[in-house]
Amino acid sequence: MNTPQILKKTLAHRNVTRLAWLATLLTFAVIVFGSFVRLSDAGLSCPDWPTCYGKAAWPTAKTAGELADHAANAIRTVDPTKAWREQLHRHLASVLGLLVFAIALLTAWRRPLGWQRIAGAAVITAAAIPLQMHGYYTASTALVVLAELLLLYSAWRWDNSDLARASALAFAVIIFQAILGMWTVTWLLKPIVVMGHLLGGLTTFGLLTWIAWQATDRPLHVAHLMRVRTYILIGLVLLGIQIALGGWTSSNYAALACGTDFPKCAGQWMPNTNFSDAFVLWRGVGVDYEGGVLDQASRAAIQISHRVMAVIAGLYLLFLGMRLWRTPGLRGRGAFLMLMVLVQISLGIGNVQMGLPLWMAVLHNAGAAILLFMLVTLLARVREPKL
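Source: prediction; values computed, not measured. (Residues numbered from 1 in each chain as written. Predicted model: local features only at pLDDT ≥ 70, side-chain atom pairs only at ≥ 80, totals over all residues. Heavy atoms only, no water.)

Q: Teacher, can you tell me more about the pattern of salt bridges here?
A: Side chains bearing opposite charge may pair, as long as their charged atoms lie close to each other. Enumeration over the complete set of coordinates arrives at six salt bridges. A salt bridge links Arg76 to Asp288; its shortest N-O distance comes to 2.8 Å. Separated by 212 residues along the polypeptide, Arg76 in the loop between α2 (15–39) and α3 (80–107) and Asp288 in the loop between α9 (275–278) and α10 (296–325) bring together distant segments of the chain. Where Arg111 meets Asp159, a salt bridge forms, and the shortest distance between an N and an O atom there is 2.4 Å. With Arg111 in the loop between α3 and α4 (114–133) and Asp159 in the loop between α5 (137–157) and α6 (164–186), the pair connects residues that are 48 residues apart, well separated along the chain. You can call Arg111 buried: its relative accessible area is 15%. Residue class for Asp159 comes out partly exposed when judged on its relative accessible area of 38%. (Salt bridge = Lys/Arg side-chain N within 4 Å of Asp/Glu carboxyl O. Helix = DSSP H or I, 4+ residues; strand = E, 2+ residues; numbered from the N terminus. Buried < 20%, exposed > 50% of the residue type's maximum accessible area, 1.4 Å probe, protein only.)

In structure tokens, the structure reads:
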């Protein structure tokens, strides 16, 4: 399958390709840096949004004393050593949003009312931000919903011959990501929002990876295409479930619920667990979730679930890697997939046994993103064999 013809005619010099790869790389950086922010307990270091204690940048040691009367201090006392991490993460995400907007705009340029819809969604979203800052939450939410509906309608009506559908979806996801980022702060690290924010970031990463490879057009011709695609899709589903469980584990502060024991949990094969309370998704708004609110039995249930799913997903991905290794043209990719699975498992075990060192926990998050990149790359590139 060749590069979409409309894309070739519309965008000389491969602008979409370059922007898509730049956005993909930046998304990976935002995901990894975001995990550093979360795991270093800096997620509420800027309690207001989108400013940080009223500043577009962040407070410094010199300016911290001037912010004692700022309303955000009622939630968290200003800490310049952490505030820069959260606000820098927001700035990086904002740059990413502009890149995704540019990609969506370019790919929709020759569609009837294409660029107008993309630009309209951006303007509507931008108008919602000052309304949110001044407390007009209902009006702000209504505008964001309108922008999202406009993008989703466009994606539904368009095909993907020029990558317009995938780009409109990516723009819709990035806008929703901004909302989740706001809720992460304003709803005080609510676990379902934190987990959703992680999944949204990885969804954005997956979509941009797919767009970048489609625009690059470097196919891998394999036999039994539908069977190979099915194997990859199953792997993506299992990896997505495991990533969601990992996000739920992290957002509920359950990573060390079993202490530093592995494979046992707190010295037992069957510790006291409370699965019914462990996976309650909604507990209301207004609770400060930093540090977690669940009891030990509930956290242990989450940690054990994450471990069990790691075994299921890990074994399947190793099987997938072996299948790819035996497929002509995919041997090296299968070997690398198996290696990355083993590395990711080792990082997970190491996090437990070493007491969740920050560097290793961040690498574990990066490993999940790399596995996602590998599977989406395969899905985007495999094609029917040449005749």
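Q: Can you help me understand α2 in this one?
A: Each turn of an α-helix holds 3.6 residues, which means side chains three or four residues apart point in the same direction. Over its 25 residues, α2 extends 36 Å from the first C-alpha to the last, a length consistent with the 36 Å expected when each residue adds 1.5 Å. In the stretch just after α2, Asp41 is the one whose phi turns positive, near 60 degrees. (Expected span 1.5 Å × (residues − 1).)

Q: How do you make sense of the state of the cysteines when you look at a structure like this?
A: Working definition of a disulfide: a covalent bond connecting the sulfur atoms of two cysteines. For the coordinates displayed, the defined rule picks out two disulfides. Between the sulfur atoms of Cys46 and its disulfide mate Cys52 the distance is 2.0 Å. Measuring handedness by torsion sign, the sulfur bridge of Cys46 and Cys52 sits at about -70 degrees and is left-handed. Pair check on accessibility: Cys46 and Cys52 agree, each one buried. Disulfide partners in the chain, listed by the sequence order of the bonded cysteines, are 1-2, 3-4. (Disulfide = S-S within 2.5 Å.)

Q: Before we go on, may I ask you to explain the environment of Arg38 in this structure?
A: Examined against the element boundaries, Arg38 turns out to sit in helix α2. Sequence separation of Arg38 and Arg85 is 47 residues, and the distance between their C-alpha atoms is 9.5 Å. Excluding residues within four positions of it along the chain, Arg38 makes contact with Val194, Ser250 and Asn365. (Contact = heavy atoms within 4.5 Å.)

Q: What am I meant to see in the nonpolar core here?
A: Among soluble globular proteins, nonpolar side chains are generally buried collectively. Core analysis: the largest hydrophobic core is formed by 39 residues, its most contacted members being Leu96, Val100, Ile118, Leu151 and Phe171. Among the elements of the structure, α2, α3, α4, α5, α6 and α7 (191–216) are those that each provide at least two residues to this core. Excluding residues that lie within four positions of it along the chain, Ile118 makes contacts with Phe101, Ala104, Leu105, Ala108, Leu151, Trp158, Ala168 and Phe171. Listed in part, the 34 residues of the second largest apolar core include Leu220, Leu324, Leu372 and Met374. (Core = buried A, V, L, I, M, F, W, Y, C linked by side-chain atoms within 4.5 Å.)

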